[in-house]
There are 2 protein chains.
Amino acid sequence: MTLETVSEARSFGGTQGVYSHDSEATGTPMTFAVYVPEHVAGTKLPVLWYLSGLTCTHANVMDKGEYRRYCAEHGIILVAPDTSPRGDDVPDDEGYDFGKGAGFYVNAVQEPWAKNFQMRQYVEHELPQVIAKHFPVDMDRQGITGHSMGGHGALTISLRNPGKYRSTSAFSPIVSPIHCPWGQKALGGYIGDDKSAWREYDACALIEDGARLPELLVDQGHADNFLEEQLKTHLLEEAVRKAGMNATIRLQEGYDHSYFFVSTFIGDHIAWHAERLKA
Amino acid sequence: MTLETVSEARSFGGTQGVYSHDSEATGTPMTFAVYVPEHVAGTKLPVLWYLSGLTCTHANVMDKGEYRRYCAEHGIILVAPDTSPRGDDVPDDEGYDFGKGAGFYVNAVQEPWAKNFQMRQYVEHELPQVIAKHFPVDMDRQGITGHSMGGHGALTISLRNPGKYRSTSAFSPIVSPIHCPWGQKALGGYIGDDKSAWREYDACALIEDGARLPELLVDQGHADNFLEEQLKTHLLEEAVRKAGMNATIRLQEGYDHSYFFVSTFIGDHIAWHAERLKA
């Protein structure tokens, strides 16, 4: 489990790093970003996972997410994984919404994807071990968030692992892949035609099937072009209402799907996670 | 003077826009970014110019500068011009440090550059008229800042126009193009061999020749790879000391030349400009 340092830069008193390692789960090198705030040597900090959306790498939120100020303020480490395996030997699709850059946080079972597209295993199990070994993190204080496909990742990973994440939030999440074109293409391609197998990758279905979170914070732009066809926030509102789950789902007037939106509200989210992670 | 809206997105309650127009100065279309915070209709806001560095467009600071939070907080409009003319008909150089992306905020007199590379005229005169006409700006309250080559631009433009900018600051500026390879290549190429003509494009020379600013704020990363060969902050320290000019020049331990550095201190700079622009 060797870690290669791709780059490190000082920012807001801490260190924004980019690292690479050979992943067993994906069979490829994987790159990720970690921000470690200034802290007393020997102390361990809570960690917030940020999962990115379609077409993104580790770099999008690192460049445009504006999280460092708040992580420094609250003493929280932020980890941003890539969204898929990469490399010339990794199969791909012509669309932006399948294959590279579109791992959907699933363990693929269909060929030719199954060999490399094991992003669920990677994000849920392998990368946390790498992070625990190499960074000053308190793994008993983990939170998770993400944007769009990454919001889907954050919700489903947390719903499937009760108690593992003390706090869960999302920006513009795909709340029900079963019910939108992005999700149908991804789950059909990676998992296959048996739709019962899709339910563990669908936040609304997981809640319907009994999974619960103690709390949830979601922000969604009201002017988001993907809201109606792909994101369908109302399905999550229905699911949490039926389940009696404690969730704050906010529609933000005038905001779109971009990082201009995410960066506006990431301070709120980090403060909200910090309250729960440091309680 | 028609303005084309390339994109607009809501961010921190205001609007981050990208616009394009046909420039008389450069003879090309020019693209720029403007952030307008939420404000009472009919009011006019102070404006801060942000000039970017080598290889940058309007987009680098827009994506990575993290200024919107502070502009929203202080009610300040930020304008980020491109760093050169663009287009297939515009001459270029193989290096990243000359030609496209490297206008150096000069009016070129050498061929083939003179026709398009009139960035001094564009930034000092033409674009301010466009901004005054199309955005809710109070042109009596302008500040100017920039990064690297753009720090050079901010310093020299302000030094040559006493009283026009109420506040001037810079991140990692090239303080004396006459004395560094980037500057020698640019001024030699755009202006020619007569080094006396270079002095109006050199902050230290302008101060030596009598130009003054009432105040100046500069932040420079101490771990910046370009510090020794290109930026030479100590030359500015000497120039302001000899001139008895009021300047705060801070070396920031551990910080490099990147936007991880700029974004860390841009909040300080915007607050500093706001104090002077709103006094």
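Throughout this document, residue positions are counted from 1 along each chain, in the order its sequence is written. Whichever chain is written first becomes A and whichever ligand is written first becomes 1, with later ones labelled in order. With the structure being a predicted model, the display of local features is reserved for residues of pLDDT at least 70 and the display and counting of side-chain atom pairs for 80 or more, all residues being used for whole-chain, interface and lining totals. The side-chain numbers reported here are obtained from all heavy atoms of the structure, hydrogens and water having been left aside.

When the centres of two rings from Phe, Tyr and Trp lie within 6.5 Å, Trp using its six-membered ring, the rings pair. Their planes under 30 degrees apart give stacked, over 60 give edge-to-face, and anything left gives tilted. Counting across every chain of the model gives 30 aromatic pairs over all chains. Measuring from centroid to centroid gives 5.4 Å for F117 of chain B and Y190 of chain B, while their planes differ by 25°, and the two rings are stacked. A residue pair is termed long-range when its members are at least 10 positions apart, and F117 of chain B in the loop between β5 (77-81) and α3 (119-134) and Y190 of chain B in helix α5 (residues 181-190) qualify at 73 residues. Each member of the pair F117 of chain B and Y190 of chain B is classed as buried. Following the ring pairs from residue to residue traces out a cluster consisting of F98, W113, F117 and Y190 of chain A. The cationic tip of R68 of chain A hangs over the ring face of Y67 of chain A; the distance from NZ or CZ to the ring centre is 5.1 Å. Comment: elements are numbered from the N terminus, with helices defined as DSSP H or I runs of at least four residues and strands as E runs of at least two. Relative accessibility under 20% of the residue-type maximum defines a buried residue, over 50% an exposed one, and the middle range a partly exposed one, all with a 1.4 Å probe and only protein chains included. Two limits define a charge over a ring: the Lys NZ or Arg CZ must be within 6 Å of the ring centre, and within 35 degrees of the ring normal.

Let us look at the UniProt feature "active site" (unreviewed entry) in chain A. All names here are of chain A. UniProt positions are given in the numbering used here, feature names are shortened, and annotations may be inferred rather than shown by experiment. Following the UniProt record, one finds the feature "active site" (unreviewed entry) at S148, D224 and H257. In three dimensions, the annotated residues from a span of 110 residues occupy one location, with a maximal C-alpha spread of 10.9 Å. Note on placement: S148 falls in the loop between β6 (137-146) and α4 (149-160). Its relative accessible area of 3% is what places S148 among the buried residues. If we ignore the near neighbours within four places in the chain, the residues touching S148 are G53, F171, S172, P173, I174, W182, L231 and H257. Relative to the helices and strands, D224 is located in the loop between β8 (216-221) and α7 (227-231). By the convention used here, residues are in contact when the closest approach between their heavy atoms is within 4.5 Å.

All copies are superposed by least squares; the fitting set is the C-alpha atoms of residues with a pLDDT of at least 70 in both. The transform that puts chain B on chain A rotates by 180° and translates by 0.0 Å along the axis, for an RMSD of 0.0 Å. Expressed as a symmetry operation, the mapping of one chain copy onto the other fits a two-fold axis. Of every C-alpha in chain B, the one belonging to K64 of chain B sits nearest the axis of rotation, 2.7 Å from it. Mapped onto chain A, 95% of the interface residues of chain B again fall at the interface, so both copies present the same surface.

Each side of the interface is counted separately: chain B has 22 residues, and chain A has 21 residues. The term buried area means the drop in 1.4 Å probe accessible area that two parts suffer when joined, counted for both and summed. Between chain B and chain A, a total of about 2,000 Å² is buried, with carbon and sulfur atoms accounting for 50% of that surface. Considering only the surface of chain B that becomes buried against chain A, R10, E66 and F260 of chain B emerge as the three largest contributors, covering 34% of it. Here, a salt bridge means any Lys or Arg side-chain nitrogen found within 4 Å of an Asp or Glu carboxyl oxygen. At the boundary of chain B and chain A, one finds two salt bridges. Here E66 of chain B ties to R68 of chain A by a salt bridge, and the two come within 3.3 Å at their closest N and O atoms.

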